[in-house]
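# Notes for the structure review
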Number of protein chains: 4
Amino acid sequence: MLDALRQAVFEANVELVRRGLVFASFGNASGLAREQGLVVIKPSGVLSADLRPDNLVVTDLDGRSVEGECRPSSDLPTHLALYRAFPSIGGVAHTHSTFATSWAQASRAIPCLGTTHADYFRGAVPLTDAMTPDEIWSDYERNTGEAIVRRFADLDPDAIPAVLVAGHGPFCWGASVCEAVHVAEVLEEIARIAYQALMLNPQAAPLASDLHEKHFRRKHGPDAYYGQNKR
Amino acid sequence: MLDALRQAVFEANVELVRRGLVFASFGNASGLAREQGLVVIKPSGVLSADLRPDNLVVTDLDGRSVEGECRPSSDLPTHLALYRAFPSIGGVAHTHSTFATSWAQASRAIPCLGTTHADYFRGAVPLTDAMTPDEIWSDYERNTGEAIVRRFADLDPDAIPAVLVAGHGPFCWGASVCEAVHVAEVLEEIARIAYQALMLNPQAAPLASDLHEKHFRRKHGPDAYYGQNKR
Amino acid sequence: MLDALRQAVFEANVELVRRGLVFASFGNASGLAREQGLVVIKPSGVLSADLRPDNLVVTDLDGRSVEGECRPSSDLPTHLALYRAFPSIGGVAHTHSTFATSWAQASRAIPCLGTTHADYFRGAVPLTDAMTPDEIWSDYERNTGEAIVRRFADLDPDAIPAVLVAGHGPFCWGASVCEAVHVAEVLEEIARIAYQALMLNPQAAPLASDLHEKHFRRKHGPDAYYGQNKR
Amino acid sequence: MLDALRQAVFEANVELVRRGLVFASFGNASGLAREQGLVVIKPSGVLSADLRPDNLVVTDLDGRSVEGECRPSSDLPTHLALYRAFPSIGGVAHTHSTFATSWAQASRAIPCLGTTHADYFRGAVPLTDAMTPDEIWSDYERNTGEAIVRRFADLDPDAIPAVLVAGHGPFCWGASVCEAVHVAEVLEEIARIAYQALMLNPQAAPLASDLHEKHFRRKHGPDAYYGQNKR
């Protein structure tokens, strides 16, 4: 089963680059085998062209290396914090895609201005609080994860599968690493359209709550009727 | 004849993705065989790569499935409302192309700022009214279509072959599904240029009515002289 | 010699599409054989994929068809007005490239904000005056050309090889049709960078006149030292 | 060894075009063999498609041609000024990439708004002062280099490997020409995201200095832990 996960994580990291969400080595994706408590993640600083399923790194949920010669992505502790706190997720994708990162650098959550946003996120895409010097200088990447988890104290990570880390960029997640990549792609599209909508109308109002909820339920929950399968 | 329509609708849905107007499964195109009263439409939630002429869905004008195993696009009732109300149209395309959708999310009609707009639309591209909670919670997609039809009470759908649904995105139409896709592509281009023009000059004035009318008539009506055929 | 011109005009029209300057059939290029007084131009409304050297149209400088079955581009009279008024030019390219057209729709000339602009244009890229109803309703395309020519009453078309027609888009020219296409491509790049610069700094000042003149003379005139050939 | 440098400089110039950083012949890259005191640079005005390792030009650090039939890039004296003043650099890349150039034309330094910027630049990307008429009319390209060097009187070129020349565009450098091209690519990405962030929030604050420093040190200096190699 880890072979399948390796393959999925490999493809996810390649897809992030192919879809223009990750430039150079500025991003990473991981997958979790929750029963074994093992995570497969991209090695640090390796370009997409040099990735192979067998140079991915396998660690446990405390970040101890189990397989692989390479150093894992420096963002591994952020991924691990999410896996520990959000019990239903099986994959994480971190990018610096241009529009989502612009919102993070502008220190603005992405308001829901349209139905595509509502299809995927039951609310705004939230922004973490700025980190303190203490959080920055010790265990920075783990504290980045904790800042995300704190931001979700009153939010449902299954209904809002992404966050903007202030001044940094987006982290996205899903049931699988493949789903996390899909969320990353949708998030960038949503971030772009919301940016352009606000340029056209700085007072653009968030979607009416009925319309937001209607669109979310078309795709999620017992009354979903979008697509070919019951969900 | 339905085989030819299947093929045209298949190609139209693939083109929407290839031309960058539809991302993932966020859009759909349909075609109408008006004499038989049959509509061919994309199945719900199916990606472009998995589309084939034979997994398209055929329904009657009330949305009853006539052929095809798949569930039709959830937007089918919107398409049907347009086919019932606009007697000359034979195809509908719905996208979330980024600039057109930005205008919809900004709740602004697209003013005619240039001759390319005037070549295709005899006026601004209009915006529907916001929907009421009742319209949203029962027969949402049909009511979306009715909101469009109401918006065209005093407009000619043959002279203005597209609309922005507020907070959602554009619907486009034409004599054929192929023409509807072409309108969707032109609309995105127009939406982009109008966006940029307004950024450069927020007070940019709509095209003078003589120039607007002149350009529209270069391509439409008895005095058209653009292209190789009389129209 | 007309065969070589046909080939050059064919390639120019294909290049306009390939470089993303012309979308669908929204643009055209022509070339002039000045000694014979003959112009080769794209046929009206024909897509790039359907162009061939032998379906181009040949006319004299009054627009009378000399060779070719097709109707010439509806913009032919604009091209002819330029050929008659600007004695040194041998090619014209007309596009609706997105940034240049945005400036035209915003009714703003493009100020020279940077050295790339100065390399190609000895001043702002000017904007024509709005046309009167009379000019619009009779001989519209010829009057478009006359409006350009009037705008250049005090400007040198060899030193400023492009113009924005208000509410419409750019016309570009050069010693050959190939050069006109190059100007169209440079103009779009300049228009984009000037747009972005103004978004960052609405008070951005035009380049100092010494720097403007220095850059222009690096590439033009007796003291040019850019490139591999004396000019 | 000069053969390897020729090859590297050739590839760097081709990469600048392939990655969309240089349009037409608007840019150039060079490499330095510091021990021999020889520079390999692109010939002036030659398009990427016509470049070959053997039509590159070799000069000494005073700009005297040592090998090659072609005239060197007109920007050679700027490159040389950088090589003379910055002892650790081995490559220079000059582009007019659209977002970086927009900042230069807007006469604004690029503030550090995010962690990607901090990963590469230990501070804002600075802007040179405007040049005087004297500097423009005599030894313009050398004076451009001197203006850059003056701007770095109190800055470390190894910690901030790029500059914006006011009204012109970016110059980037690194230990090798390949690294200079990488910086040029990163700079464009950073310039784009900072542009978009400021559009969303004109008051967006620079990254907190602790976070800026933390990210820089993740990749540089004795405590770097990003990537697969100690640095």
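Our structure's up above, just so we're on the same page.
Residues numbered from 1 in each chain as written. Chains lettered and ligands numbered in written order. Predicted model: local features only at pLDDT ≥ 70, side-chain atom pairs only at ≥ 80, totals over all residues. Heavy atoms only, no water.

This part covers the interface of chain D and chain A. With 35 residues of chain D at the contact, the number on the chain A side is 31 residues. Summed over both sides, the interface of chain D with chain A buries roughly 2,900 Å², with 57% coming from carbon and sulfur. Considering only the surface of chain D that becomes buried against chain A, Ile193(D), Leu200(D) and Gln228(D) emerge as the three largest contributors, covering 23% of it. Where chain D touches chain A, the interface holds two salt bridges. (Contact = heavy atoms within 4.5 Å. Buried area = accessible area lost by both parts, 1.4 Å probe. Salt bridge = Lys/Arg side-chain N within 4 Å of Asp/Glu carboxyl O.)

This next bit is on the packing of aromatic side chains. Enumeration over the complete set of coordinates arrives at 24 aromatic pairs over all chains. Both rings, one in Phe152(D) and one in Trp173(D), keep their centres 5.3 Å apart while their planes meet at 70 degrees; by these two values the pair is edge-to-face. Of the two residues, Phe152(D) is situated in the loop between helix 6 (140-151) and strand 6 (162-165) and Trp173(D) in strand 7 (residues 169-174); the sequence distance between them amounts to 21 residues. With a relative accessible area of 4%, Phe152(D) lands in the buried category. A relative accessible area of 1% means that Trp173(D) is categorised as buried. When the ring centre of Tyr226(B) is taken as origin, the NZ or CZ atom of Lys219(B), which lies over that ring, is 4.1 Å away. (Phe/Tyr/Trp six-rings, centres within 6.5 Å; stacked < 30°, edge-to-face > 60°. Helix = DSSP H or I, 4+ residues; strand = E, 2+ residues; numbered from the N terminus. Buried < 20%, exposed > 50% of the residue type's maximum accessible area, 1.4 Å probe, protein only. Lys NZ or Arg CZ within 6 Å of the ring centre and 35° of its normal.)

The next thing to look at is the state of the cysteines. All names here are of chain A. Applying the stated criterion to the full structure yields zero disulfides over all chains. No disulfide involves Cys172; its sulfur sits 13 Å from that of Cys178, the nearest cysteine. Under the relative-accessibility criterion, Cys172 is labelled buried at 1%. (Disulfide = S-S within 2.5 Å.)

All right, on to the packing of helix 7 (residues 177-200) of chain A against helix 3 (residues 98-105) of chain B then. Running from N to C, helix 7 of chain A and helix 3 of chain B cross one another at 55 degrees; their axes reach a closest spacing of 8 Å. Relative to helix 3 of chain B, the element helix 7 of chain A is oriented oblique. Regarding helix 7 of chain A and helix 3 of chain B, the two cross each other, and that crossing is right-handed. Contacts from Glu189(A), Arg192(A), Ile193(A), Ala194(A), Gln196(A), Ala197(A) and Leu200(A) in helix 7 of chain A reach Thr98(B), Phe99(B), Thr101(B), Ser102(B), Trp103(B) and Gln105(B) in helix 3 of chain B. Grouping the constituent residues of the contact of helix 7 of chain A with helix 3 of chain B by class yields six nonpolar, five polar and two charged. (Axes fitted to C-alpha atoms, helices over the stretch in contact; angles between N-to-C directions. Parallel < 35°, antiparallel > 145°, perpendicular 65-115°, else oblique. Left-handed = near helix turned anticlockwise from the far one by under 90°. Nonpolar A, V, L, I, M, F, W, Y, C, P; charged D, E, K, R; others polar.)

Often the size quoted for an interface is simply the accessible area lost on bringing the parts together. Each partner contributes residues to the interface: chain B has 35 residues there, and chain C has 31 residues. Carbon and sulfur atoms supply 57% of the area buried between chain B and chain C, which totals about 2,900 Å² over both sides. The largest share of the area that chain B buries against chain C comes from Ile193(B), Leu200(B) and Gln228(B), three residues that together contribute 23% of it. Inspection of the chain B/chain C interface yields two salt bridges. Residues Arg218(B) and Glu141(C) are paired through a salt bridge, measuring 2.5 Å at the closest nitrogen-oxygen approach. The interface formed by chain B and chain C holds 15 residue pairs in polar contact (both at pLDDT 80 or more) in total. Among the secondary structure elements, those contributing two or more residues to the side of chain B that touches chain C are helix 4 (115-120), helix 7 (177-200) and helix 8 (209-219) of chain B. Its residues assigned to classes, the side of chain B that touches chain C shows 15 nonpolar, 10 polar and 10 charged. (Polar contact = N/O pair within 3.5 Å; in protein donor to acceptor, adjacent residues only side chain to side chain.)

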